[in-house]
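Per-entry structural report
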Number of protein chains: 2
Amino acid sequence: MKRLGRYTIEFDENIAVTGYGSTACKKEAEGPLGGNFDKIIYDYYASMKTYEQAESVFQQEAFEFALKRSGKKAQDIDIIFAGDLLNQCISSSYGLKVFGIPYFGIYGACSTMAEGLILSAISLSSGASRCSACATSSHFCSAERQYRFPLDYGGQRTPTSQWTVTGSGSCILEKANGKIKLSRALAGRIVDYNIFDLNNMGAAMAPAAADTISRFLADTKTSPEEYDLILTGDLGEVGSKCLYDILEKEGIDIKSVHNDCGLMIFDRKKQDVHAGGSGAGCCASVLCSTILPKIQEGYYKNVLFIATGALMSPTSSQQGGAIPAIAHLVNIIA
Amino acid sequence: MKRLGRYTIEFDENIAVTGYGSTACKKEAEGPLGGNFDKIIYDYYASMKTYEQAESVFQQEAFEFALKRSGKKAQDIDIIFAGDLLNQCISSSYGLKVFGIPYFGIYGACSTMAEGLILSAISLSSGASRCSACATSSHFCSAERQYRFPLDYGGQRTPTSQWTVTGSGSCILEKANGKIKLSRALAGRIVDYNIFDLNNMGAAMAPAAADTISRFLADTKTSPEEYDLILTGDLGEVGSKCLYDILEKEGIDIKSVHNDCGLMIFDRKKQDVHAGGSGAGCCASVLCSTILPKIQEGYYKNVLFIATGALMSPTSSQQGGAIPAIAHLVNIIA
């Protein structure tokens, strides 16, 4: 591995995603990507007693699909990197404890999937693991209760708000000559533009995405058109527009190749999700259901995956803190 | 780097801790290690408006002492790994955002310091960073409010309960021929012995520590007496006894070389902390104030640092979940 410019790391050629898996729930099944997920669990409780336990099931099953696709067993995984949006990341720790795999908990809010991919690749490169895994998830009902209001309260949603995806994505990575390779990555910095509106996560996260994309393009001396797809995590409609605005001031125009997982996963005209989807499970499930298969079959050859996360908590917001955000980037190639 | 046995990783010879810093508060200053911390902040609010913001200050200042000792500036750090006990790890994200360093959030509860050290070393080994940092913290008042009761409630503490340390520790790591070297590491697995008592974290974490120590000794074919010190994170009095019991059944006796950061930081006879200290800042501040200097001066030559973490949340406990735990191990040598 070598470093490129000030911030970018470039992996050796043989870091491959050899397995991926995704799960989603009823609302995601009704969206445009409904046919792509490995499994739809229609019950929001996933036959468990609580939404938090259900979220663990979504993550477990996504990981099992990833294992299956890679031809690996749980005991073949040397390290798994996982985290989620719940306090103390319980859907990951309770969901994955049954597998008995050496575990590093990570917290990047909705940027977790990219953080997990990067750390998996770094651990392979270093020799610390021979086979790494990553996983994350989110659940509409557990997230609403924790970050906003219990569902039973029936709170009115603002037009800029996003709908937390109920679902999960997981990847297995190995040193191998696979069809899906991680070529470069860039770790996000915490960016705080003094956005205070908890119902406008897109606006809070867009500056972090812009900071990351701009640093990456500078380091690699590449332009947006050289990529088939620049895919942000879950900026939604509002955040995507903010991203265009910020990048435009730096003379960068990504519009022709940009898409956003929060815009892809739901049909905003029919599904009443306002500004789009969100949650750690949003970009994870879109990546593992829709993007990675298209890279595998050669439809996409060079993709930038930029997962964005908002790092506030209900406590920091109640205490008057703004919403700091982060965006980690992974360059995935065929 | 190479792998040793089934689980252990062995770093090349040149992974060194070149800087470390620690901060603590009034109660820690009154304990046996009071003279060792880089800075005592006597005000629990650290001149901020809330305890959470204060915790960020403890972490910021510990990191700044680590930077100073290593002769580095913030912009020299390629990646920082940080996390804490607060929901969404806000003391780390709000505390470290001012530095503008590429940031990977981690969550290992009280095991965070060891996780951060391991990931810092892995990223150096891989070439992903030329200089890594890690940091964590805890604060008695923010932790009590979040995990148990607001202080004003005046809840009675049980004899097995531990006192959350208000403090922080941070390290800078580089590829260098330093006097403090990371030689080996082992990532923890999530272990769940069906302990439900939130006032007995030591008992919940001891099985994870035992699992980790036992796997490490088997992989490295070493015995406890070969180490100057086997230092667990914050098992306290109850957890340390549980650890001895579990290991004894496997024929492993660590008593003669064992100590625990939760037992070291307070004087349990005088300071009314019941079973000892705890919190992510406990083992971090003990390591960075007391242990690393003694390795640097050659007093200790071969130390096992095993930070333990309990991975439950108030929500998982309210829903009847047991307390899963994890323990990450780092072998630090002179």
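These figures come from a predicted structure and were not determined experimentally. (Residues numbered from 1 in each chain as written. Chains lettered and ligands numbered in written order. Predicted model: local features only at pLDDT ≥ 70, side-chain atom pairs only at ≥ 80, totals over all residues.)

Some words on the overall build of chain A
How we decide: Comment: elements are numbered from the N terminus, with helices defined as DSSP H or I runs of at least four residues and strands as E runs of at least two. In this treatment the radius of gyration is a C-alpha quantity, and the globule benchmark scales as 2.2 Å times the residue count to the 0.38 power. For the exposure call, what matters is how many other C-beta atoms sit within 10 Å of a residue's own: 20 or more marks it buried, 12 or fewer exposed, and in between partly exposed, using C-beta atoms placed from the backbone. Each residue is represented by a C-beta atom placed from its backbone, and any two residues with such atoms within 7 Å are regarded as in contact.
For chain A, the count of helices and strands is ten helices and 15 strands. Whereas a compact globule of 334 residues would reach a radius of gyration of roughly 20 Å, chain A reaches 18 Å, a difference of no more than 12%. Principal-axis analysis of the C-alpha atoms places the extent of chain A at approximately 50 × 50 × 35 Å. Across the 334 residues that make up chain A, the buried fraction comes to 64%. For chain A, the proportion of contacts with a sequence separation of at least 24, taken over those separated by at least 6, is 79%.

Some remarks on the domain arrangement of chain A
Residue and element names in this part refer to chain A. Note the threshold: Source of the domain bounds: an automatic or database domain assignment. Residues are sorted three ways: Asp, Glu, Lys and Arg are charged, Ala, Val, Leu, Ile, Met, Phe, Trp, Tyr, Cys and Pro are nonpolar, and all the rest, Gly among them, are polar.
Taken domain by domain, chain A comprises domain 1 (15-175) and domain 2 (181-333). Taken together, the contact pairs 49 residues of domain 1 with 51 residues of domain 2. When contributions to the side of domain 1 that touches domain 2 are tallied by element, the ones reaching two or more residues are β3 (15-24), α1 (26-29), α4 (112-126), β7 (131-138), α5 (140-147), β8 (163-164) and β9 (167-175). Of the residues that constitute the side of domain 1 that touches domain 2, the class distribution is 23 nonpolar, 20 polar and six charged.

A look at the pairing of strand β11 (residues 229-232) of chain B
Residue and element names in this part refer to chain B. Condition: At least two DSSP bridges between two strands are needed for those strands to be called paired. A crossover gets the label right-handed when its path from the first strand over the helix to the second runs clockwise, viewed with the strands pointing away from the viewer.
Here four bridges tie β11 to strand β14 (residues 302-310), and the two strands are oriented parallel to one another. Its bridge partner lying in β14, I230 is registered against L304. Alignment of β11 against strand β12 (residues 258-260), held across three bridges, turns out to be parallel. Bridge pairing in β12 places L231 opposite N259. In this view, the connection linking β11 to its parallel neighbour β12 by way of helix α7 (residues 236-249) has right-handed handedness.

Considering helix α6 (residues 201-220) of chain B
The condition is simple: To estimate how far a helix should reach, multiply one less than its number of residues by 1.5 Å.
Taking 1.5 Å as the rise per residue, α6(B) with 20 residues should run 28 Å; its terminal C-alpha atoms sit 29 Å apart, in good agreement. Counting buried positions over the 20 residues of α6(B) gives 16, a clear majority of the element.

Here's the deal with the interface of chain B and chain A
Residue-level contacts link 50 residues of chain B with 50 residues of chain A. Listing elements by their share of the side of chain B that touches chain A, those giving two or more residues are β1 (2-4), β5 (79-84), α3 (90-96), β6 (103-105), α4 (112-126) and α10 (314-318) of chain B. Considering every element that reaches the side of chain B that touches chain A, the biggest residue donor is α4(B), with six residues.

What about the nonpolar core?
Condition: Only buried Ala, Val, Leu, Ile, Met, Phe, Trp, Tyr and Cys residues enter a nonpolar core, and they are joined through C-beta atoms within 7 Å.
A:I80 and B:I80 are the most contacted members of the largest nonpolar core, which has 242 residues in total. Not counting residues within four places of it along the chain, the set of residues in contact with B:I80 comprises B:L96, B:I101, B:Y103, B:A133, B:C134 and B:A135.

Some details on the relation of the copies chain B and chain A
Threshold: When the copies are superposed, the least-squares fit takes in the C-alpha atoms of residues with a pLDDT of at least 70 in both.
Note on the copies: chain B fits chain A at an RMSD of 0.0 Å, the axial shift is 0.0 Å, and the rotation between them is 180°. The transformation just described matches what one would write down for a two-fold rotation axis. Residue by residue, 100% of the interface of chain B is reproduced at the interface of chain A, so both copies engage with the same surface.

Quick word on the pairing of strand β7 (residues 131-138) of chain B
Residue and element names in this part refer to chain B. Along β7, eight of the eight residues are buried, which leaves the element largely enclosed by surrounding structure. Summarising the sheet, β5 and β7 pair through six bridges and their orientation is parallel. Bridged to F81 within β7 is C134.

Looking at α7(B)
Residue and element names in this part refer to chain B. Here α7 spans 20 Å end to end across 14 residues, near enough to the 20 Å set by a 1.5 Å rise per residue. Contact partners of the buried residues in α7: α6, β11, β12, α8 (261-264) and β13 (277-278). In the segment just after α7, G251 is the residue with positive phi, at about 80°.

Some details on unusual backbone geometry
Residues and elements named next belong to chain A. Positive phi values are uncommon outside glycine, yet N194 reaches one of about 60°. Among the secondary structure elements, N194 is positioned in the loop between β10 (181-186) and α6 (201-220). Despite not being glycine, H274 has its phi angle at roughly 55°, a positive value. Locating H274 in the fold gives a position in the loop between α8 (261-264) and β13 (277-278). For H274, a count of 18 C-beta atoms within 10 Å translates into the label partly exposed.

Thoughts on the environment of A:T8
All names here are of chain A. If you trace the backbone, T8 turns up in strand β2 (residues 8-10). For T8, a count of 20 C-beta atoms within 10 Å gives the class buried. Discounting chain neighbours no more than four positions away, the residues touching T8 are R3, R184, L186, F216, D219 and T220.

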